[in-house]
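Remarks on the overall topology
Below, each chain spelled out in residue letters.
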Protein chains: 4
Amino acid sequence: MSRNFASDNNAGVHPDIMQAIIQANEGHVVGYGDDPYTEQAIAAFRNLFDGDIDVYFVYGGTAANVLGLQTMLGSHQAIVCTDSAHIEVDECGAPENFTGSKLVTVPNRDGKIEIEQIDPLMEAAGFPHHVQPKVISISQPTEMGTVYTVDEIQALAYFAHQNNMLLHMDGARVSNAAEALNVDFKTFTEHAGVDVMSFGGTKNGMMFGEAVIFFDTGLGGDFKYIRKQGMQLHSKMRFISAQFSAFLDNDLWLHNARQANGMARYLAEQINDMPQLELTRAVETNGLFVTLPPHIIDPLKAEYFFYMWDAAQNEGRWMTAFDTTEEDIDRFCAAIRRLV
Amino acid sequence: MSRNFASDNNAGVHPDIMQAIIQANEGHVVGYGDDPYTEQAIAAFRNLFDGDIDVYFVYGGTAANVLGLQTMLGSHQAIVCTDSAHIEVDECGAPENFTGSKLVTVPNRDGKIEIEQIDPLMEAAGFPHHVQPKVISISQPTEMGTVYTVDEIQALAYFAHQNNMLLHMDGARVSNAAEALNVDFKTFTEHAGVDVMSFGGTKNGMMFGEAVIFFDTGLGGDFKYIRKQGMQLHSKMRFISAQFSAFLDNDLWLHNARQANGMARYLAEQINDMPQLELTRAVETNGLFVTLPPHIIDPLKAEYFFYMWDAAQNEGRWMTAFDTTEEDIDRFCAAIRRLV
Amino acid sequence: MSRNFASDNNAGVHPDIMQAIIQANEGHVVGYGDDPYTEQAIAAFRNLFDGDIDVYFVYGGTAANVLGLQTMLGSHQAIVCTDSAHIEVDECGAPENFTGSKLVTVPNRDGKIEIEQIDPLMEAAGFPHHVQPKVISISQPTEMGTVYTVDEIQALAYFAHQNNMLLHMDGARVSNAAEALNVDFKTFTEHAGVDVMSFGGTKNGMMFGEAVIFFDTGLGGDFKYIRKQGMQLHSKMRFISAQFSAFLDNDLWLHNARQANGMARYLAEQINDMPQLELTRAVETNGLFVTLPPHIIDPLKAEYFFYMWDAAQNEGRWMTAFDTTEEDIDRFCAAIRRLV
Amino acid sequence: MSRNFASDNNAGVHPDIMQAIIQANEGHVVGYGDDPYTEQAIAAFRNLFDGDIDVYFVYGGTAANVLGLQTMLGSHQAIVCTDSAHIEVDECGAPENFTGSKLVTVPNRDGKIEIEQIDPLMEAAGFPHHVQPKVISISQPTEMGTVYTVDEIQALAYFAHQNNMLLHMDGARVSNAAEALNVDFKTFTEHAGVDVMSFGGTKNGMMFGEAVIFFDTGLGGDFKYIRKQGMQLHSKMRFISAQFSAFLDNDLWLHNARQANGMARYLAEQINDMPQLELTRAVETNGLFVTLPPHIIDPLKAEYFFYMWDAAQNEGRWMTAFDTTEEDIDRFCAAIRRLV
């Protein structure tokens, strides 16, 4: 099957990751993470950050978010996020269901949340009828493909901590953000004041597996139980761990993100040359939002499956992946031009 | 690393499964299960049973149990199981946490539950202070390695349905039970009256992935939402599906189970020749429960990691896997004899 | 202490209700609702409606809403309501916590929800990443004191049922709505298509106790267990039941609501004569929303405690109660005039 | 209706309590507990103990237990109690449902739990597959009417704290225990090491209302939110508070408990004179467990409704109340003698 632009999770597994999986399939090791592959992967993460962090692997991205959040608040407290956040829109209510708490949303601004939107929510403090804001959750990059600057994250973390709150980052595509910012991970996470983050692998070339990272290690202490209760403790853990080791080794994460982001820019250039199509948002990572002539939507979807972002506005979303090539994009653009 | 006897999930992945994973890694396919690999795997399951069933794949065994149970009862209802059930002992409270309901346990009899133990619980019916029994959950094989006969399952299903209850089966090792019973799957599940089951793959040679099967398809209707809310919808679903296709193809499941069960019998024979060791339970599948001379426990664990089942009784649990060989067992027994 | 205007729950208990409580305090009766007082109160409710309804008493209004909703949906489904709904704003996340589901909100229009706002939410149907809308919950009267017309409720019910959803009504102040509409209860509830409602007593002269009414009796079947699990089964139930009997007897509910609504109209007339104050919403029941000169807010609150509705706009909320008198209002208005 | 022996909650309200309710029904006060009646009742509780405690009022006893427990543990932790505990048997799964955690039970010994039963459960510590014991919950008096001695409670508290656990007391009938022990409340609660307790009023002459007391005030900090989310914040709080003030005033609690306990002893004496009946447990408070000649059970229940404790053993439970008189018992015993 050819490569499409519906989502970066329509891609398969990077060959280096697959190789690591095959190599991990040797003999018996103790289950549930007490194995040398996991030890090595955790060490690689500690090397990526300042060392004194807690790292846990889970199966998927929704779980990484939900279980991380579970450690950060009680059920009478609230998670503040945008109305476009993955935790609000795309997790079928898992955050509320598992944490027992409430999401309080504000309208997104290019996918981001701003302090002036959060500040009025602080009025709930101390009033027992209202859930108590405890966590600010941001996506980096956002669901719109935009990227918070280091300064923006620092400001949000400062505001959170000043108000006795914590900062959570959904980093399902955090490699793409790091590539776009051109800084290392810790600059815009650990050093910027993030307390807990989801660190994604699956959307950037892994088969399965995401990491939950606790920069505030006081929060991670009981996570091994929460992970099990959250149905996310893999028995054959080595097959997640080996992937992450390969992912961090030789900057494979960066190599993959660079390809995906670069191809998004390349596709954006082509679209800018098509007067009937219009990019509705800046292309900062690997997602593109494009308004299309209505008559081409169905025939194009028949050739290249993708999702409409705002059907009423004829706006579709396209994503590039670690394995997208210039040739893929040229062929896709040729199809568009033919249909237009 | 050499093969040990701590658990069948200490084993790796069967080469045929690995080959299927590699072959599935071609190009892009739509995520979340709308792909040809998943279509094929579901067809293979439908072929295994009477066709009119709902099949869903999840990441792990705890989730298969918990999410399946979630469809079977409301929070004010109860799950009846033995005190040794995996859902009671080994899932860190996930069943109560996710379903919001209560587990009501009875003492196991060789791992099994008997109708005469459940019958008195029916007195709770209609009394609003008491949770209302709604599901009987059995493990096949049990946590003690014993196997319910077809008649036993039929009787439990009949009792359940007569009392407006449902029958759930935790089949994390169901292949081992089928091999031991020497009947096909549907004889002791679908045809015996089971309503919902977890069908395991990971403990019998897969990398990750379990199936939830609804024989009562009225229960499975909303499972796609429950799976997502339960944080178990894999985006790159093809990598679970391709494994299950290989697992069911050419009876790989049976080949693997036969090896594991056969090696357990072979190990049991060796132990029977060692007067200082004693098997505490009949060996019906791939688990052995053995009382050991106290002085050999620690040195043996140092060579071959395993878990104590009942430390106070010096009883350990050993498990064979799909890849256990006679040579592995001979070497293991030599170590035991040396230490004794 | 004098009567204030902070909320109708700052009032005490109507003398007829107190008398009923005192009379119920005779000898022993069976607990938990199997008593003649409860039988009589349920009969009174059945008489008020078309008879074939389920009625259950709980302690408080938040519980009436939350436990009623719990019977109407699964955790993967959603409750649609306005951003001003009591269940969204004022119940500290109890609906999400107890039902495990999600609230999906739309901006209120004078406290109301409109079908054109709900219609786009139907796009989530069938998409497993999104919670599935199942219940529309309205407040009658709304938190803004406005009242849905019979036609509006009928239209919402029709839309809900056409879309496989249910209609829930938070009737914490439903007596005030009935008085304002000048129709009997069943016209704008049972006959209009409401499926489940909270029927309030406490805000209209009772000491404690609310009713959950199931017009769709299929939904009420297991409520006795849900009520107990929801920690709302009163052991000495007769003391709620006797209140409700008195509340429905001789139309005490109407007498009380008429007084509260009438006094709100009387207060509104006074305010209309004060050029420095402005009513921001139509006064349809017993709540008034008023913008105040900033300098009088604190001194007035010192004399008459009340809540600001929108502090940024200097908008306060005043409520009249069943025991508010013209003299109370004259004295209150004199205080305002003095401060202005 | 005459007084029966089914439960102490079949009784009505003590006249002094009713008088307090009537007196509290004066004018308007601020809702939700910011009123002088509540201030006074809390002061009375602080006076009863050593002062530095947190006290909150809720509607009912199940809620007092469940919401208190919610503050003491996370969902991955476990509550250890006997198999006869009210939280295990009689709350329709509310503890699991609301806290999301698990109850781990041991067989009761005359209603009590013993340290030697809890000690083996500590083996779960650190093992992520098992819920982590965090709270020991005892009932004082127990569901069997027995009373823990001060020494027993001290020992349990010491064991709990040594093992990083907390001690919870279900004191639904704590007045009866205090009367039986003939010591003041704080001796066997606060001073003995209890961390959180439910302090009951309803079963000893109140109309509704129970208190949750935090001796470990670090645990009570967020309770005002948990109470609201738990649907237990009464708007007209003064009507609970005024009852508690009267309950503690002039030792009304003791007067009532003395009557109930004394009448239980009196009834026990009568039963001891009836050779066909047998007390199966020591009568330490106000509950009696009696095996009855089978042929009298139904006719006696027709005259005096009561519950069977163990129907298979023809064992019934009778309870005396604050308003039981010698005449009530004489008449009851006459009925028994007639039927025998």
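Residues numbered from 1 in each chain as written. Chains lettered and ligands numbered in written order. Predicted model: local features only at pLDDT ≥ 70, side-chain atom pairs only at ≥ 80, totals over all residues. Heavy atoms only, no water.

On to the interface of chain A and chain B, then. Every contact between the two is made by 57 residues of chain A and, on the other side, 57 residues of chain B. Across the contact surface, chain A and chain B share 0 salt bridges. Applying the counting rule to chain A against chain B returns 28 residue pairs in polar contact (both at pLDDT 80 or more). Elements that contribute at least two residues to the side of chain A that touches chain B include exactly α1 (15–24), α2 (36–48), α3 (61–70), α5 (94–99), α11 (223–229) and α12 (238–248) of chain A. Of all the elements, α3(A) adds the most residues to the side of chain A that touches chain B, at 4 residues. For the side of chain A that touches chain B, the class distribution of residues is 27 nonpolar, 20 polar and 10 charged. (Contact = heavy atoms within 4.5 Å. Salt bridge = Lys/Arg side-chain N within 4 Å of Asp/Glu carboxyl O. Polar contact = N/O pair within 3.5 Å; in protein donor to acceptor, adjacent residues only side chain to side chain. Helix = DSSP H or I, 4+ residues; strand = E, 2+ residues; numbered from the N terminus. Nonpolar A, V, L, I, M, F, W, Y, C, P; charged D, E, K, R; others polar.)

Let us look at the interface of chain C and chain B. Taken together, the contact pairs 19 residues of chain C with 19 residues of chain B. With both sides pooled, the region where chain C packs onto chain B buries about 1600 Å², and carbon together with sulfur makes up 55% of that total. Our enumeration of links across chain C and chain B arrives at 0 salt bridges. In this structure, the connection of chain C to chain B is made through 10 residue pairs in polar contact (both at pLDDT 80 or more). For the side of chain C that touches chain B, a count of residues per class yields 6 nonpolar, 10 polar and 3 charged. (Buried area = accessible area lost by both parts, 1.4 Å probe.)

Now for the relation of the copies chain A and chain B. Each of the two chain copies goes to the other by way of a rotation about an axis and a shift along it. Mapping chain A onto chain B is achieved by rotating through 180° and translating by 0.0 Å along the same axis, at an RMSD of 0.0 Å. Considering both components of the superposition, the chain copies are consistent with a two-fold axis. Most of the interface of chain A is mirrored in chain B, where 100% of its interface residues again form contacts. (Least-squares fit on C-alpha atoms with pLDDT ≥ 70 in both.)

This structure, assessed with the given rule, holds 91 aromatic pairs over all chains. Judged by centre distance (4.3 Å) and plane angle (45°), the rings of D:F185 and D:W253 are tilted. Of the two residues, D:F185 is situated in helix α9 (residues 185–188) and D:W253 in helix α13 (residues 252–272); the sequence distance between them amounts to 68 residues. What makes D:F185 buried here is its relative accessible area of 2%. Connected via pairs of aromatic rings, a cluster forms that spans A:F45, A:F57, A:F185, A:F188, A:F199, A:F244, A:F247 and A:W253. It is C:K112 that lies over the ring of C:Y148; its NZ or CZ is 5.5 Å from the centre. (Phe/Tyr/Trp six-rings, centres within 6.5 Å; stacked < 30°, edge-to-face > 60°. Buried < 20%, exposed > 50% of the residue type's maximum accessible area, 1.4 Å probe, protein only. Lys NZ or Arg CZ within 6 Å of the ring centre and 35° of its normal.)

This part takes up the sheet that holds strand β8 (residues 278–279) of chain D. All names here are of chain D. With antiparallel pairing, 4 strands are arranged side by side in an open sheet as β8-β9-β11-β10. Every interior strand has two partners, whereas the edge strands, β8 and β10 (307–310), have only one. Sheet topology places strand β9 (residues 287–291) next to strand β11 (residues 315–319); 5 bridges connect them, and they run antiparallel. Residue F289 lies in a different strand from β11, and its bridge partner there is R317. (Pairing = 2+ DSSP bridges.)

This part takes up the domain arrangement of chain A. Residue and element names in this part refer to chain A. Domain annotation for chain A reports domain 1 (14–251) and domain 2 (252–339). Just the C-alpha atoms count here: the centres of domain 1 and domain 2 sit 27 Å apart. In this complex, domain 1 contributes 26 residues to the contact, which on the side of domain 2 involves 19 residues. In total, about 2000 Å² of surface goes out of reach between domain 1 and domain 2, with carbon and sulfur atoms giving 55% of it. (Domains from an automatic or database assignment.)

A few words now on the pairing of strand β11 (residues 315–319) of chain C. Residues in a regular strand point their side chains to alternate faces of the sheet. Residues and elements named next belong to chain C. Within β11, 5 of the 5 residues are buried, leaving the element largely enclosed by the surrounding structure. Burial of β11 is two-sided: the residues E315, R317 and M319 facing one way and the residues G316 and W318 facing the other way are all buried. Bridging between strand β10 (residues 307–310) and β11 involves 3 bridges; their strand directions are antiparallel. What sits directly across from M308, in β11, is G316. Taken together, β10 and the strand that follows it, β11, pair antiparallel across an intervening segment of 4 residues, in which N314 is found at a positive phi of about 55°.

Quick look at the sheet that holds strand β11 (residues 315–319) of chain A now. Pairing is antiparallel across the open sheet formed by 4 strands, whose spatial order is β8-β9-β11-β10 (chain A). Edge positions in the open sheet fall to β8 (278–279) and β10 (307–310) of chain A, since each of these has one partner strand only.

This part is about the state of the cysteines. Among covalent bonds in proteins, the disulfide is the one between the sulfur atoms of two cysteines. Counted under the stated rule, the structure contains 0 disulfides over all chains. Not part of a disulfide, B:C81 finds its nearest cysteine sulfur in B:C92, a span of 16 Å. (Disulfide = S-S within 2.5 Å.)

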